[in-house]
Amino acid sequence: MWIQPIDLDRPGDLVAGLHEAYTVAYSDDPGPRMSLAHFRHDVARHSPGGRAELWAVVEGGEVVGGYGLSLSQLDNTHMGWLFPLVVRPERRGRGLGSALFEHALERLRHQGRSLLLTETPTTGVGARFALAHGMTVAVAVARRVLDLHKADWDALERMLPTIEGYRLERWIGPADPGLIPDLSTLMKGMNDAPRDAGIEDFDFSSERIRDREEGIEDRGFTSYSMIARRDSDGAPAGYTRVYLAADRSDGWGHQADTTVLAGHRGHRLGLLLKLANLFWLREHEPHLERIITWNATSNAHMLAINEAMGFELLDEWNEWRLEL
């Protein structure tokens, strides 16, 4: 068995082959599919925040398995993120997954990393594999979906809070360059979200945020975003965003980060931002059928907001950890 590296500068068809193996391996996932463009951008390239490694096993001209590693550079330089680790279903049960996993651990050790993180559904082949290879649960996560055809829009409108002292700004697609410093400040609020105990605060530098904004279209997405500002001084206070396919090829919206900075909490800005953005989406994107969101099950405040809005549980996932 030869586990070969994928040259990210000259990947040929191997990235597409690994994406196909990933798609087949996750064919029973009830959530939205990850497109090839999204996969290439998030898994198969370096970024200001991290360097990527991809490895594949090819048999008969077909990628039958492989894995990707993301190695943080700006923060958490002791950690590596494993995504994906896949074996085509017809090749399972022959030790290929274990061989790929051990290879990934050796690569992490070679890079001086001491912590591996990954995620799987809480049940099924991925969870069984993680347990069998000594991994433990770091964070429990739930996916919830809001069915826009069943949503009680009158009730949602009544939920809209009236908040004095703040104003909302909104835009579609990548943020203007002048907003990058504000987004960098706002994203620091995400460091309050539940995470593995071994993970330090993330460095949301302007360079990282700029790269994220520039990559929206490369991932095959557009986005609807809102921020809240304090009237008295224009200080950024809160932020939310929903992604959707730029070609409107499916009915999914992807709720991304929602955060309110600590000094502005207690005014229900998070609820206002999410609801206002949702109504804006409904007006301009009538093809959307559902919004999916991820939340740590320990994040009681955000779960309460989502459940009040009508989000229903789709499935549960685990973020797994292994110390090397």
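What counts, and at which threshold
Once a new chain begins, its residue numbering starts again from 1 and follows that chain's sequence as written. Reporting in this predicted model follows two pLDDT cut-offs: at least 70 for local features of residues, and 80 or more for side-chain atom pairs to be given and counted; totals over whole chains, interfaces and linings ignore these cut-offs and use all residues. As a rule here, side-chain values come from all non-hydrogen atoms in the structure, and water together with hydrogens is ignored. Helix numbering and strand numbering both begin at the N terminus, where a helix is a DSSP run of H or I of at least 4 residues and a strand a DSSP run of E of at least 2. Based on C-alpha atoms, the radius of gyration is set beside the globule rule, defined as 2.2 Å times the residue count to the power 0.38. The classification of residues rests on relative accessible area computed with a 1.4 Å probe and restricted to protein chains. Under 20% of the type maximum is buried, over 50% is exposed, and intermediate values are partly exposed. The contact criterion used throughout is that any non-hydrogen atoms of two residues lie within 4.5 Å. What sets the accessible areas is the Shrake-Rupley method with a 1.4 Å probe; for residues, cover comes only from the shown protein chains. Note that His is not counted, nor are the chain ends; the positive residues are Lys and Arg, and the negative ones are Asp and Glu. Just so you know, the charge point we use is NZ for Lys, CZ for Arg, CG for Asp and CD for Glu. Side-chain atoms within 4.5 Å are what join buried Ala, Val, Leu, Ile, Met, Phe, Trp, Tyr and Cys residues into a set we call a nonpolar core. Each axis is a line fitted through C-alpha atoms, taken for helices only over the stretch in contact, and angles between the N-to-C directions span 0 to 180 degrees. In a left-handed crossing the near helix is turned counterclockwise from the far helix by less than a right angle, and in a right-handed crossing that turn is clockwise. Under the scheme applied, nonpolar residues are Ala, Val, Leu, Ile, Met, Phe, Trp, Tyr, Cys and Pro; charged residues are Asp, Glu, Lys and Arg; polar residues are all the others, including Gly. Any two of the Phe, Tyr and Trp rings considered here, Trp counted by its six-membered ring, make a pair once their centres fall within 6.5 Å; the pair's planes then place it as stacked at under 30 degrees, edge-to-face at over 60, or tilted in between. In this analysis the charged atom, NZ for Lys or CZ for Arg, is taken to sit over a ring once it is within 6 Å of the ring centre and within 35 degrees of the ring normal.

Novice: Can you tell me about the overall build of the chain, naming the residues and giving the values?
Specialist: A tally of helices and strands in the chain yields 9 helices and 12 strands. Computed over the C-alpha atoms, the radius of gyration of the chain is 20 Å, within 12% of the 20 Å expected from 2.2 N^0.38 for a compact globule of 324 residues. For the chain, the spread of C-alpha atoms along the three principal axes comes to 65 × 40 × 35 Å. By residue count, 52% of the 324 residues in the chain fall in the buried class. Counting only contacts in the chain whose residues sit at least 6 apart along the sequence, the fraction spanning at least 24 positions is 73%. For the chain, the computed accessible surface area is about 15,100 Å², with 49% contributed by carbon and sulfur atoms. Of the side-chain charges in the chain, 35 are positive and 48 negative, and the distance between the mean point of each set is 1 Å.

Novice: Give me the nonpolar core: which residues, what numbers.
Specialist: Proteins that are soluble and globular tend to have nonpolar side chains buried together. If you look at the biggest cluster of nonpolar residues, it comprises 30 residues, and the most contacted ones within it are L156, L269, L278 and I291. For this core, the secondary structure elements donating two or more residues are α5 (153–159), β8 (221–230), β9 (236–245), α8 (269–284) and α9 (300–309). Per element, the largest residue contribution to this core is 10 residues, and it comes from α8. Judged by nonpolar contacts, the second largest core, of 21 residues, contains W55, V57, L71 and M135.

Novice: How would you explain the packing of α8 against α9 if you had to name every residue and give the values?
Specialist: Describing two packed helices takes the angle between their axes plus the distance from one axis to the other. Contact pair α8 / α9: the axes reach a minimum separation of 11 Å and the direction vectors enclose 35°. The handedness of the crossing between α8 and α9 comes out as right-handed. In this structure, α8 contributes G270, L271, K274, L275 and L278 to the contact, and α9 contributes M302, I305, N306 and M309. The residue inventory of the contact of α8 with α9, partitioned by class, reads 6 nonpolar, 2 polar and 1 charged.

Novice: How would you sum up helix α2 (residues 36–43)? Please name residues and give values.
Specialist: Listed as buried for α2 are H38, F39, H41 and V43. In the core, the buried residues of α2 are packed alongside α1 (14–25), β2 (50–59), β4 (79–87) and β8.

Novice: Describe the packing of aromatic side chains, listing the residues and the values that go with them.
Specialist: Counted by the stated rule, this structure contains 9 aromatic pairs. Ring centres 4.8 Å apart and planes at 70° place the aromatic pair Y224 and W280 in the edge-to-face group. With Y224 in strand β8 and W280 in helix α8, this pair connects stretches of sequence that are 56 residues apart. Taken together, the ring pairs connect Y22, Y26, F39 and F83 into an aromatic cluster. In this structure, R219 is placed above the aromatic ring of Y243, and the distance from its NZ or CZ to the ring centre is 5.1 Å. Against the face of W153 rests R282, its NZ or CZ located 4.2 Å from the ring centre.

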